[in-house]
Amino acid sequence: MRKALLATLVMGALAAPAFAEGTVTVYGQMNVGVVFHDEGPVTKTKVDNLYTSSRLGFKGDENLGDGLKAFWQIEQGLRPDDAATTNFASREGWVGLQGDFGKVGLGRGKTPYTNMVDWFDIFDGAIGAAATASYSVDSIQDSRFSNAIRYDSPNLGGVNLSGMYSFGENKTSTTGSSDGFSGLASYSNGPIKAGLSYGQQRNLAGVSGNKKSAWQIGGIYTLGDLGLGLAYQAGEWRTAGVDFDRDTVTTTVTYKIGAGTLRAGAQFAAEADVGGNSAADSDFTRYAIGYKHGLSKRTYALVEYSALSADKSITGAAVADQRGLAVGLMHTF
């Protein structure tokens, strides 16, 4: 009897750690190139960390039983061109639970609004001022939230729902909480991918009444090697009691050719409305074209040309056109 009990205890002790074991994955990318950048009054040539920035990440999960898992992720940006430092978990930092109910995480990372923007932000080497990330128009939405809780639903017949709330932790007796909400409803079925997203941030920098919000609708249609994307964004914000708003349309085209992909995109921002009046000549256009060639499953060579065409800012100040050419190498792991 004692031998049987001892054997049971030993087997239980050995099995428990095995049950608790989880996976750990190290991942990342290095994306560096030579950039020729005409900023208007200044022209630069430099070796630079390209638009889809270099990064290093760690992620894993642990099986808790009964279909429940714990997950975690830490991801930080890297600057291989100059070794400039970034904060640990500057890009993503999560811990959470996932199961049949979906996925709930606590921490920091990209918002659901940003996740949809990424569908149309297709370039790796574009200069920042000419990239097609719509949230960067007037900085209408932060790409990431800190101090956040996020929920992602399971796949519901092609429909996925995501919501994220950021707790503004700067509230005092005299300043409001700089909190934020972001949500996305998406649908994917065969060649069609469509979505509707919304983002809102209040009491920016602790200033009551300063806020910004945006919503975006769009989709991608894939026909063989051809991909077509179209999105519309409406953004509005308030600063120092003055209301602003602007509409933006983004279009993208991708075409696979053997081991490579041709990519082209354009973004058209209408004149901004400032305090109920149109800001003359504040409209602008961003566009880019490029080619990304797979040298292997993880190494790519790329060349991209991008440009910004503008006349004036929303304040009426002159804005110089910008142009950039990037030739680079990307390695993912």
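One structure accompanies this document, and this report is about it. Everything numeric here is computed off the predicted structure, so don't read it as measured data.

### A short note on the overall build of the protein chain
- In terms of helices and strands, the protein chain carries two helices and 19 strands.
- Considering only C-alpha atoms, the protein chain reaches an extent of 90 × 55 × 45 Å along its principal axes.
- For the protein chain, the residues scored as buried account for 37% of the 333 residues in total.
- The long-range share in the protein chain, meaning contacts at least 24 apart out of those at least 6 apart in sequence, stands at 54%.
- Element-wise, carbon and sulfur atoms account for 60% of the exposed surface of the protein chain, whose accessible area totals about 17300 Å².

### Some remarks on the pairing of strand E5 (residues 92-99)
- Bridge analysis of strand E4 (residues 68-77) against E5 gives seven bridges, and the strand direction is antiparallel. Following the sheet pairing, Lys69 is matched in E5 by Gln98.
- Across seven bridges, the pairing between E5 and strand E6 (residues 102-110) is antiparallel. Note on E6: the bridge partner recorded for Val95 is Leu106.
- The antiparallel pairing of E5 with E6 creates a hairpin that spans two residues between the two strands.

### Some thoughts on unusual backbone geometry
- Of note in this structure, Asn147 is not a glycine but carries a positive phi near 50°.
- Residue position: Asn147 is located in strand E7 (residues 144-152).
- The phi angle at Asn203 is positive, at roughly 50°, despite the residue not being glycine.
- A relative accessible area of 15% means that Asn203 is categorised as buried.

### Concerning the environment of Gly324
- Relative to the elements of secondary structure, Gly324 occurs in strand E19 (residues 322-332).
- When its relative accessible area of 3% is taken as the criterion, Gly324 is described as buried.
- On a C-alpha basis, the gap between Gly324 and Leu50 in space is 12 Å, while along the polypeptide they are 274 residues apart.

### Considering a negative patch on the surface
- Residues Glu271, Asp281, Asp283 and Asp311 make up a contiguous surface patch of negative charge.
- As for its placement among the helices and strands, Asp311 is situated in the loop between strand E18 (299-310) and E19.
- Exposure remark for Asp311: the relative accessible area of 49% places this residue in the partly exposed category.

### Notes on the pattern of salt bridges
- All told, the structure shown has 16 salt bridges when counted by the stated rule.
- Its salt-bridge partner being Glu39, residue Lys44 comes within 3.8 Å of it at the nearest N-O pair.
- Given the relative accessible area of 35%, Lys44 is considered partly exposed.
- For Glu39, a relative accessible area of 24% puts it in the partly exposed group.
- Two residues, Asp124 and Arg263, come together in a salt bridge whose shortest N-O distance is 3.0 Å. Note that Asp124 is positioned in the loop between helix H2 (112-120) and E7 and Arg263 in strand E14 (residues 260-269), a separation of 139 residues in sequence. An identical accessibility class is assigned to Asp124 and Arg263; each is buried.
- Here the salt bridges do not stand alone but share partners, grouping Lys46, Asp48, Arg79, Asp81 and Asp82 into one network.

### Observations concerning the packing of aromatic side chains
- Inspection of every chain in the model, using the stated rule, returns four aromatic pairs.
- Consider the rings of Trp119 and Phe120, whose centres lie 6.1 Å apart with planes at 50°: the pair is tilted. Residue Trp119 shares its accessibility class with Phe120, and that shared class is buried.
- Between the aromatic rings of Trp237 and Phe244, the centroid separation amounts to 5.1 Å while the plane-to-plane angle is 5°, which identifies the pairing as stacked.
- Overall, Trp237 belongs to the buried group, its relative accessible area being 12%.

### Overview of the pairing of strand E11 (residues 211-223)
- Both strand E10 (residues 192-202) and E11 contribute to a ladder of eleven bridges, which runs antiparallel. In the sheet register, Leu196 faces E11, and the bridge partner there is Ile217.
- Relative to strand E12 (residues 226-239), E11 is paired through 13 bridges, and the arrangement is antiparallel. The residue bridging Ala214 from the neighbouring strand is Gly235, located in E12.
- Here E11 hands over to E12 after two residues, with Gly224 in that stretch at a positive phi of 65°.

What counts, and at which threshold
Residues numbered from 1 in each chain as written. Predicted model: local features only at pLDDT ≥ 70, side-chain atom pairs only at ≥ 80, totals over all residues. Heavy atoms only, no water. Helix = DSSP H or I, 4+ residues; strand = E, 2+ residues; numbered from the N terminus. Buried < 20%, exposed > 50% of the residue type's maximum accessible area, 1.4 Å probe, protein only. Contact = heavy atoms within 4.5 Å. Areas by Shrake-Rupley, 256 points an atom, 1.4 Å probe, with all protein chains shown as cover. Pairing = 2+ DSSP bridges. Patch = residues over 30% accessible without salt bridge, like charges linked within 9 Å, V, L, I, M, F, W, Y side chains within 5 Å. Salt bridge = Lys/Arg side-chain N within 4 Å of Asp/Glu carboxyl O. Lys, Arg positive; Asp, Glu negative; His and termini not counted. Charge placed at Lys NZ, Arg CZ, Asp CG, Glu CD. Phe/Tyr/Trp six-rings, centres within 6.5 Å; stacked < 30°, edge-to-face > 60°.

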